[in-house]
Amino acid sequence: MSNDTLKNNPLLCDPETGICEIPEFKSNEAATSSAQSKEKPVKVIYFTDPICSSCWGIEPQFKKLKLEYGNHIDIEYRMGGLLPDWGYNSGGISKPSDVAHHWDEVSGHYDMPIDGDVWLEDPLHSSYPPSVAFKAAQMQHKDKAILFLRAIREMVFLQKKNITKWENLALAAEIVGLDAEQLKYDFENQANTLFEEDLKLAREFGVRGFPTMLFFDSSGNKETVYGSKPYAYYEMAILKLSPDAVKSEYNKDWKTLFSKYHSLTAKEFSELSGIPRNESETLLNELSDKLRLKKLTTKNGAIWLK
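Residues numbered from 1 in each chain as written. Predicted model: local features only at pLDDT ≥ 70, side-chain atom pairs only at ≥ 80, totals over all residues. Heavy atoms only, no water.

Chemist: Any chance you could break down the sheet that holds strand β5 (residues 212-216) for me, citing the residues and the numbers?
Modeler: With mixed pairing, the four strands of this open sheet are ordered in space as β3-β2-β5-β6. One side of each edge strand has no neighbouring strand; the edge strands of this open sheet are β3 (73-79) and β6 (222-226). Averaged over all pairs of adjacent strands, the angle between strand axes in this sheet comes to 20 degrees, irrespective of strand direction. Examined bridge by bridge, strand β2 (residues 42-48) and β5 share five bridges and lie antiparallel to one another. (Pairing = 2+ DSSP bridges. Helix = DSSP H or I, 4+ residues; strand = E, 2+ residues; numbered from the N terminus. Axes fitted to C-alpha atoms, helices over the stretch in contact; angles between N-to-C directions.)

Chemist: With reference to specific residues and values, describe the state of the cysteines.
Modeler: Applying the stated criterion across every chain, the model contains one disulfide. Through a disulfide, Cys13 is tied to Cys20; the S-S separation comes to 1.7 Å. Judged by the torsion about the S-S bond (100 degrees), the Cys13/Cys20 disulfide is right-handed. (Disulfide = S-S within 2.5 Å.)

Chemist: If you had to explain unusual backbone geometry to someone new, which residues and values would you point to?
Modeler: With an omega dihedral of 0 degrees, the bond running from Phe210 to Pro211 counts as a cis peptide bond. Looking at the element boundaries, Pro211 is found in the loop between β4 (209-210) and β5. At Asp111, a position not held by glycine, the phi torsion is positive, near 55 degrees. Along the chain, Asp111 falls in the loop between α4 (100-110) and α5 (118-121). Classification of Asp111 by relative accessible area gives partly exposed; the value is 28%. (Buried < 20%, exposed > 50% of the residue type's maximum accessible area, 1.4 Å probe, protein only.)

From the geometry alone we can't say anything about function, so treat these as descriptive.
Listed below in structure tokens is the structure:
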């Protein structure tokens, strides 16, 4: 796949850099110390998008970071607007079906299950509706909004559901305990303004692709981790800003992990438990065989649910 093609389509995330990049990005390096944390030593602004395959790819590292440094960092989720519509494209990839094979390839690269056939069976016209829905979810409950984001990602990456459709967004809201009617009202009203604020902030910080994590200390000093990177990159960003940070110990047995997370892939379970990747899948399969967990198998891997 040529570099020009990758640049022409934000859904063709570059596995080598781990980035889903916005087309024709223009930077405005203006934002500064407004991102400082007042409560915890380090604040993280995470720019992401519901259909960013590289963002799905960092879920194992990101979960571990929150478990080990959650008492030290304050994470703020911002939507970046990966795919406004299909009208931006001037060449190369010109239609949703062209993305299907690429998502299958990305699945293998990140060792995270992704079924690209959604782009053949029920393609999305934009990533803006699920992004606005996430902002509406944040208005109700910040923690449940994070669960909502996970739910709609599982829908689009694993279940081949079009998450621009309201019935799927409403179902995700019900699954995580949000008020679907309130979500719809906010989705149609103030959440749009909040989403525009996220896009503006991304431009001000010069964010040109996803995932992007900006780490700040109380003095406004900044570290940036751009794209999908190994766990050590995120940990080092924290330690550079706060050398005295000590990571928390957590219980790594499967029962505890699945009591905290409703679902885990084999890669996520391996990252969180410390069990080698091939052994982690064997254990998860044994647990599903014994009906201790449920297993959802997709074209490119599986996910286990409590």
